[in-house]
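As a plain string of letters, each chain reads:
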Amino acid sequence: MIQKANHGDMRIVLEVWRQSATGAPGAFEEYEVMANEHMSFLEMLDVLNEQLVEAGKEPVVFEHDCREGICGSCALTINGQPHGPRSRTTVCQLHMREFEGGARIRVEPWRANAFPVVKDLQVDRSAFDRIQRAGGYVSVNTGAAPDAHAIPVKKENADMAFDAAACIGCGACVAACPNASAMLFTSAKVSQFTLLPQGQPERERRVVAMVDTMDGEGFGNCTNHYECEAACPKGISVTNIARMNREYARATLKQRGN
Amino acid sequence: MDERWSRHKFDLKLVNPANRRKFDVIVVGTGLAGGAAAATLAEMGYNVKAFCIHDSPRRAHSIAAQGGINAAKNYKGDGDSVHRLFYDTVKGGDYRSRESNVHRLAEVSVDIIDQCVAQGVPFAREYGGLLDNRSFGGAQVARTFYARGQTGQQLLLGAYGAMNRMIQAGKIEMYTKREMVDLVQVDGVARGIITRNLTTGEYERHAAHTVLLCTGGYGNVFFLSTNAKNSNVTAAWRAHKRGAFFANPCYTQIHPTCIPRSGDYQSKLTLMSESLRNDGRVWVPAQKGDQRPPSDIPEGERDYYLERKYPSFGNLVPRDVASRNAKTVCDEGLGVGPTGEAVYLDFGDAIRRDGKKAIEARYGNLFEMYERITGDNPYEVPMRIYPAVHYTMGGLWVDYNLESTIPGLFVLGEANFSDHGANRLGASALMQGLADGYFVIPATIASHLAGRSLQAVTTEHEAFAEAEASARAHADKLMSINGSRSVDAFHRELGNIVWNDCGMERNADGLRSGMDRIRTLRDEFWQDVKVLGDPATVNQDLEKAGRVADFFEFAEAMFNDALVRDESCGGHFRAEHQTEEGEAKRDDEHFAHVTAWEHTEAGKLPVEHREPLAFEEVKLTTRSYK
Amino acid sequence: MNPFVRFLTSSIGRKYVMAITGLSLTGFLLVHMAGNLTLYAGNKAFNDYAHVLESNPLLPVAEAGLLGLFVVHIGLAIVLIRANRSARKEEYKSRLGMGAKTVASTTMWITGPILLVFLVIHIWDFRIKKELVEEYDLALMVVERLRSPIGFSIYVASIAAVGFHMWHAFQSAFQTLGVAHPRYRALIKNTGRLVTVLLVAGFGGIPFYLFFTG
Ligand SMILES: Cc1cc2nc3c(=O)[nH]c(=O)nc-3n(C[C@H](O)[C@H](O)[C@H](O)COP(=O)(O)OP(=O)(O)OC[C@H]3O[C@@H](n4cnc5c(N)ncnc54)[C@H](O)[C@@H]3O)c2cc1C
Ligand code: HEM
Ligand code: HEM
Ligand code: SF4
Ligand code: F3S
Ligand code: FES
């Protein structure tokens with residue numbers, strides 16, 4: 001192994017979107033940063049912010065928290081790619097070694113009507129919460145549950161449900177979709193519960209309520225570009241979208257039948 | 001002991017279902033503890049107002065927990081029981097926790113699993129369709145339920161769903177991007193909070209009949225930890241300053257297998273699952289200053305120090321022992337990597353023995369994560385690991401009802417001190433957070449709501465005006481300093497002091513001098529910190545500055561506690577108190593108690609209170625892993 | 001709300017209708033293409049084939065149905081395109097792209113309208129014109145049209161548009177209808193490619209054959 005102490009410094013030119021508030025006009029500002037290939041992208045932005053504070057300028061606002069790819073806070077579009085160039089990697093886990101020294105990197109917020117910019121690179125993703133509120137749960141009061149082993153679940157289904165449940169709600173799917181559609185996010189939750197026995201009693205009600213809420217939030221429609229899947233840091237598959245489409249039609253027929 | 005919780009529940013007053021809607025409950029923090037509490041209380045009929053600093057409750061730090069959650073289900077039939085889980089937890093806590101609390105925790109652990117499964121949490125399953133369990137953190141039985149490496153995420157999403165259902169039903173009003181900046185008391189009872197809206201900068205007043213603090217742990221006092229960047233002690237500390245006692249602040253847990261720092265810019269540390277130690281062998285070069293790449297160091301010139309010192313447990317010694325030993329070898333100058341603060345965790349033998357395929361099946365995702373962060377391929381090059389701060393056992397003092405010393409203020413989850421004593425066992429924090437939220441508080445809250453006569457209070461009350469003014473003044477002061485150093489620069493320096501003098505190993509001299517240095521640095525902070533921008537919009541530096549200001553005060557309390565606790569126990573290792581083998585040496589005669597600190601005034605040392613710990617069920621022994 | 005009304009006004013419901021009409025149109029195109037192949041057997045064969053069709057009493061019904069499919073498909077396409085365009089008012093300043101979308105998938109809004117224009121011309125050429133005269137030789141009309149450079153160009157370009165449209169549309173329709181089990185994903189994709197190639201080769205061969213043999 002090559003020991004890389006102090007090696008790997010790299011100069012980066014950043015173009016960062018600065019916008020003071022929702023609806024205010026925004027523009028790119030250019031900064032130069034001395035980074036290191038072992039830094040994460042967000043650590044590079046930390047360095048930038050230190051630099052800005054030192055120079056008496058307001059630091060760049062960006063969302064982040066866990067910095068290990070699970071909370072879904074971080075949300076940057078890097079050179080037109082939500083979460084940047086590395087597949088299945090959130091921007092907090094993206095490291096500068098993915099870039100060339102001297103690179104020019106353009107950083108934008110997620111862009112979608114349903115995700116208005118709050119400030120700089122921070123957007124408002126509360127539309128996702130509203131979609132979940134419409135039905136992304138099993139209605140069971142605390143204490144009313146039967147013994148856990150009373151509900152066996154086929155392992156294949158449990159695994160598929162887990163694959164869908166791995167969504168971190170980051171919004172990269174919307175950001176990457178040419179139509180700013182939220183189908184991947186919504187379908188991930190619908191799929192999780194469609195695949196599990198616990199989800200059956202509310203199966204029809206859930207998909208209808210969640211899709212209708214999604215439609216009301218101003219997201220675009222899905223025209224099957226599959227960009228969402230490619231951008232998703234958790235590898236959520238577009239087969240979930242197909243499943244949700246089916247479920248939605250099925251729910252309509254069933255409700256009609258009742 | 002077995003019946004204490006049922007008896008207590010029976011003895012507790014009840015709030016009639018029709019009356020519950022007359023009570024407003026504030027829940028601050030919507031991680032596992034707060035989310036579970038908010039949902040359950042709303043289901044019962046209380047009016048809940050819930051607050052979090054994130055843009056969605058789904059992002060609370062609980063989301064990051066990887067390993068799993070314990071429960072005494074005995075689904076594996078390997079002899080587990082409520083009593084055994086209780087016993088293991090008390091012992092694991094190095095006999096510094098309350099027996100009755102821990103017993104209750106073990107009892108309700110089984111209900112948690114039932115609840116979560118009913119919610120659709122996708123726990124790992126076997127081909128028969130039933131739940132799988134694994135043994136975790138050296139436990140002798142397989143009682144850990146898990147959802148791949150994302151157990152915390154799945155549990156939190158379950159609680160988030162339960163909350164969402166109640167938000168939709170109009171029973172929870174959810175306030176995101178709100179930071180609690182002060183607690184409001186009326187007639188000595190907690191009756192509300194002041195929040196700062198992190199988007200608009202506005203200060204808001206919220207009144208209720210009771211306040212639940214579920215705001216997580218204080219690990220970020222170290223600056224570098226495995227905690228999320230926004231984790232803070234602010235809500236708990238400000239409640240402390242309003243009169244809630246703080247218990248055992250010196251108890252912190254250091255996790256042995258984290259990815260080491262790569263440079264000064266490092267912003268946080270990433271945990272690698274403990275399970276790696278099942279197959280990885282820990283070693284350092286036997287010779288100081290050996291700069292050869294690991295593959296060039298022959299077997300005979302490596303020191304597998306855990307296997308050497310602990311022949312029977314080897315690489316699987318408990319967290320604190322593994323951590324301390326890594327520090328010892330690095331302090332001796334044997335550490336590896338660019339910073340010299342790392343040891344090797346080598347899978348070479350395991351790969352040769354079981355094949356790359358088998359290792360990939362077991363740890364593939366962890367290896368991938370490691371590669372992503374470090375750029376090294378652990379199939380070919382040994383991993384480099386180093387301990388990092390991971391969990392804080394101390395917290396606001398609470399009684400059996402989870403009520404703090406301020407009537408009407410309840411504290412749940414990692415924010416309280418209650419169940420883990422001086423050391424927490426793996427997979428038991430998730431269990432505690434959910435136990436507190438789903439099962440304990442819904443019963444015990446009645447002691448306050450039905451037990452006390454509570455006058456109607458509105459936000460017009462002068463106590464709200466006073467608290468709001470004081471919170472504003474605090475922030476205004478930070479904005480007005482306009483010094484020369486950034487908030488992060490101060491935080492980093494504070495973290496360094498805390499890590500060096502109150503980290504894995506502490507001693508009286510270090511603690512005393514550390515405390516002095518903290519005071520000096522704190523004074524500098526208040527004169528020289530630079531917070532730019534507008535306080536009336538999103539201002540992340542102002543948020544950080546407020547939190548770091550509290551960490552400064554907290555750090556001093558922590559050092560003080562560590563100094564006063566003149567023994568070693570669990571994660572608190574005082575160098576002066578060790579056995580000949582270098583193990584923690586407890587002093588049960590003088591220190592079998594909880595230390596609860598009462599705030600006096602800024603700059604003065606707090607007043608010590610002691611809650612003696614009585615052990616009826618568990619026999620005190622000394623741990624040995626030789 | 002009536003579940004069907006709700007369904008048809010929802011994003012997914014509209015897409016369902018797009019997919020069903022689109023696949024029906026694809027079916028029509030396959031048959032139409034097969035019929036056109038009679039041209040290779042000479043003008044007479046083609047005219048005979050046309051005659052059989054034209055004398056079928058159900059033809060007007062079928063034509064009305066076809067018109068309906070087009071109207072619905074195109075109408076919804078316009079609704080969809082407009083909604084999707086306005087879902088991101090503030091555009092990215094960099095080129096957005098993860099590399100999954102294709103030329104075909106991103107040009108549906110171009111190939112669709114091209115087909116619309118083509119259809120107007122095409123129906124005028126072969127469907128309306130013949131109604132305006134007493135006697136006609138359909139095969140001759142086709143041959144003359146496709147041998148003129150302008151006619152040739154219009155048809156070749158439009159068939160290319162059919163190719164692009166179908167390249168994306170076929171598998172897309174199945175995804176929309178929810179027939180996308182991972183096991184069938186590849187099968188559907190390949191079938192779509194096959195159908196596209198068949199259509200392009202089948203339709204496209206005719207203008208080339210006529211143009212270069214004339
Ligand atoms: C990397 C990692 C892995 C872990 N793995 C495991 C494991 O495998 N098993 C296990 O049992 N435990 C594990 N733990 C520990 C466990 O995850 C935590 O102890 C537990 O989740 C804490 O839950 P909580 O609800 O108390 O707090 P948190 O989840 O931290 O929630 C705190 C809440 O308070 C809010 N908040 C904070 N400050 C304020 C304020 N001032 N005003 C308003 N709101 C505020 C936040 O927004 C958040 O909603 C792990 C911890 C870490 C760091
Ligand atoms: C020959 C005629 C046509 C055929 C066979 C056809 C076929 C199809 C099919 C199968 C789909 C896929 C539906 C789905 O993804 O769910 C589709 C989509 C679409 N079509 Fe057509 N179509 C035709 C004409 C047109 C015309 C004239 C327009 C013009 C405006 C148009 C515009 C669209 C659009 C915008 C889409 C949606 C894009 C998408 O879903 O990816 N089509 N078409
Ligand atoms: C080489 C290519 C083509 C040839 C030679 C051709 C020929 C014809 C002819 C001769 C007719 C009249 C049939 C009749 O009235 O009896 C016709 C009708 C029609 N064609 Fe084509 N066509 C071609 C390609 C296309 C394509 C690419 C499309 C669609 C995108 C298309 C769509 C139609 C439609 C919708 C009708 C009207 C059907 C009816 O009203 O009965 N054709 N075509
Ligand atoms: S589906 Fe993927 S991209 Fe979309 S919110 Fe979930 S994790 Fe993010
Ligand atoms: S990119 Fe957009 S179009 Fe559909 S498949 Fe994904 S939502
Ligand atoms: S900061 Fe949590 S996922 Fe990136």
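Below: a short report on this structure.

Take the overall build of chain C next. In terms of regular secondary structure, chain C is built from nine helices and zero strands. Across its three principal axes, chain C shows a C-alpha extent of roughly 55 × 40 × 35 Å. The buried share of chain C, taken over its 214 residues, is 39%. Counting only contacts in chain C whose residues sit at least 6 apart along the sequence, the fraction spanning at least 24 positions is 76%. Looking at chain C as shown, the accessible area adds up to about 11600 Å², and 72% of this sits on carbon and sulfur atoms. In chain C, which carries 20 positive and 11 negative side-chain charges, the distance between the mean positions of the two groups comes to 22 Å.

Right, let's talk about the coordination of the iron atom of ligand 3 for a bit. Residues and elements named next belong to chain C. With distances of 1.9 to 2.1 Å, the protein atoms coordinating the iron atom of ligand 3 are H32 (NE2) and H122 (NE2). Around the iron atom of ligand 3 sit six donor atoms; with metal-centred angles ranging over 87 to 179°, the donor geometry is octahedral. Linking H32 in helix α2 (residues 11-36) with H122 in helix α6 (residues 108-132), this pair joins segments that are 90 residues apart in sequence. For H122, a relative accessible area of 16% corresponds to the buried category.

All names here are of chain B. Pairing in this open sheet of five strands is parallel, and the strands run β5-β2-β1-β9-β17 from one edge to the other. Single-partner strands in this sheet number two, and they are β5 (172-175) and β17 (409-411). Direction aside, neighbouring strands of the sheet carry axes that sit 20° apart on average. Examined bridge by bridge, strand β2 (residues 47-51) and β5 share four bridges and lie parallel to one another. Residue pairing across strands places V48 opposite I172, the latter belonging to β5. Of the strands in this sheet, β1 (24-28), β2, β5 and β9 (210-213) touch helix α3 (residues 32-44), which is tilted by about 160° from β2.

Before going further, it helps to spend a moment on the site of ligand 2. For ligand 2, the set of nearby residues contains 26 residues, the closest of which are K15, H73, H165, H168 and S172 of chain C. Nearby residues place ligand 2 at the junction of chains A and C. Between H165 of chain C and ligand 2, the recorded distance is 2.9 Å, taken from a side-chain N or O atom to a nitrogen atom. A173 of chain C is positioned such that a nitrogen or oxygen atom in its backbone is 3.5 Å from an oxygen atom of ligand 2. Mapped by element, the contributors of at least two residues to the shell around ligand 2 are α2, α4 (59-85), α6 and α8 (149-177) of chain C. In terms of residues, the shell around ligand 2 owes the most to one element, α2 of chain C, which gives eight residues. For the shell around ligand 2, the per-class residue count stands at 16 nonpolar, nine polar and one charged.

All right, on to the coordination of the iron atom of ligand 2 then. Four donors placed tetrahedrally about a metal ideally form angles of 109.5 degrees, and six donors placed octahedrally ideally form angles of 90 or 180 degrees. Residue and element names in this part refer to chain C. Protein-derived ligands of the iron atom of ligand 2 are H73 (NE2) and H165 (NE2), with the metal-ligand distances lying across 2.0 to 2.1 Å. In this structure, the iron atom of ligand 2 is surrounded by six donor atoms whose angles at the metal cover 87 to 179°, and the resulting shape is octahedral. With a gap of 92 residues between them, H73 in helix α4 and H165 in helix α8 connect regions that are remote in the sequence. No difference in accessibility class separates H73 from H165, as the two residues are buried.

The next thing to look at is the nonpolar core. Judged by nonpolar contacts, the single largest core of 247 residues is most densely connected at F219 of chain A together with I69, F123 and L212 of chain B. Once residues within four sequence positions are removed from consideration, F123 of chain B is found in contact with I69, I113, C116, V117, L131, F145, Y146, A147, T151 and L155 of chain B. Of all hydrophobic cores here, the second largest spans 30 residues; its members include M10, M39, L42 and F62 of chain A.

All names here are of chain B. For helix α4 (residues 82-92), every residue scored as buried is listed here: L85, F86, T89, V90 and G92. Buried residues of α4, viewed axially, fall in a sector of 165°; they line one side. Residues of α4 that are buried make contact with β3 (69-70), α5 (99-118) and α11 (429-449).

The strands making up a sheet associate through hydrogen bonds between their backbones, and the pairing can be parallel or antiparallel. Residues and elements named next belong to chain B. Taking strand neighbours across the sheet as the criterion, the three strands line up as β6-β7-β8 in an open arrangement whose pairing is antiparallel. Lying at the two open borders of the sheet, with one neighbouring strand each, are β6 (178-186) and β8 (203-207). The sheet shows a mean angle of 25° between the axes of neighbouring strands, direction not considered. Direction of pairing for β6 relative to strand β7 (residues 189-197): antiparallel, over a ladder of eight bridges. Bridge pairing in β7 places M180 opposite T195.

On to the interface of chain B and chain A, then. Across the boundary between the two partners, chain B contributes 81 residues, which contact 79 residues of chain A. For the pair chain B and chain A, the summed buried surface comes to about 6900 Å²; carbon and sulfur atoms form 50% of the total. Ranking the residues of chain B by area buried against chain A places R59, Y265 and R372 of chain B at the top, with a combined share of 11%. Applying the counting criterion to the chain B and chain A interface returns six salt bridges. Across the pair K73 of chain B and D147 of chain A runs a salt bridge, and its minimum N-O distance is 3.0 Å. At the junction of chain B and chain A, the tally comes to 52 residue pairs in polar contact (both at pLDDT 80 or more). Sorting the residues of the side of chain B that touches chain A by element identifies α3, α5, α6 (151-168), α10 (348-374), α11, α13 (487-502) and α15 (540-564) of chain B as the ones contributing at least two each. At nine residues, the largest contribution of residues to the side of chain B that touches chain A is made by α6 of chain B. Considering only residue class, the side of chain B that touches chain A consists of 32 nonpolar, 29 polar and 20 charged.

Criteria and cut-off values
- Residues numbered from 1 in each chain as written.
- Chains lettered and ligands numbered in written order.
- Predicted model: local features only at pLDDT ≥ 70, side-chain atom pairs only at ≥ 80, totals over all residues.
- Heavy atoms only, no water.
- Helix = DSSP H or I, 4+ residues; strand = E, 2+ residues; numbered from the N terminus.
- Buried < 20%, exposed > 50% of the residue type's maximum accessible area, 1.4 Å probe, protein only.
- Contact = heavy atoms within 4.5 Å.
- Areas by Shrake-Rupley, 256 points an atom, 1.4 Å probe, with all protein chains shown as cover.
- Lys, Arg positive; Asp, Glu negative; His and termini not counted.
- Charge placed at Lys NZ, Arg CZ, Asp CG, Glu CD.
- Donors = N, O, S within 2.8 Å, 3.2 Å for Na, K, Ca; no water.
- Tetrahedral: all angles 85-135°; square planar, octahedral: opposite > 155°, others 65-115°.
- Pairing = 2+ DSSP bridges.
- Axes fitted to C-alpha atoms, helices over the stretch in contact; angles between N-to-C directions.
- Near = heavy atom within 4 Å.
- Polar contact = N/O pair within 3.5 Å; in protein donor to acceptor, adjacent residues only side chain to side chain.
- Nonpolar A, V, L, I, M, F, W, Y, C, P; charged D, E, K, R; others polar.
- Core = buried A, V, L, I, M, F, W, Y, C linked by side-chain atoms within 4.5 Å.
- Arc of directions from axis to C-beta.
- Buried area = accessible area lost by both parts, 1.4 Å probe.
- Salt bridge = Lys/Arg side-chain N within 4 Å of Asp/Glu carboxyl O.

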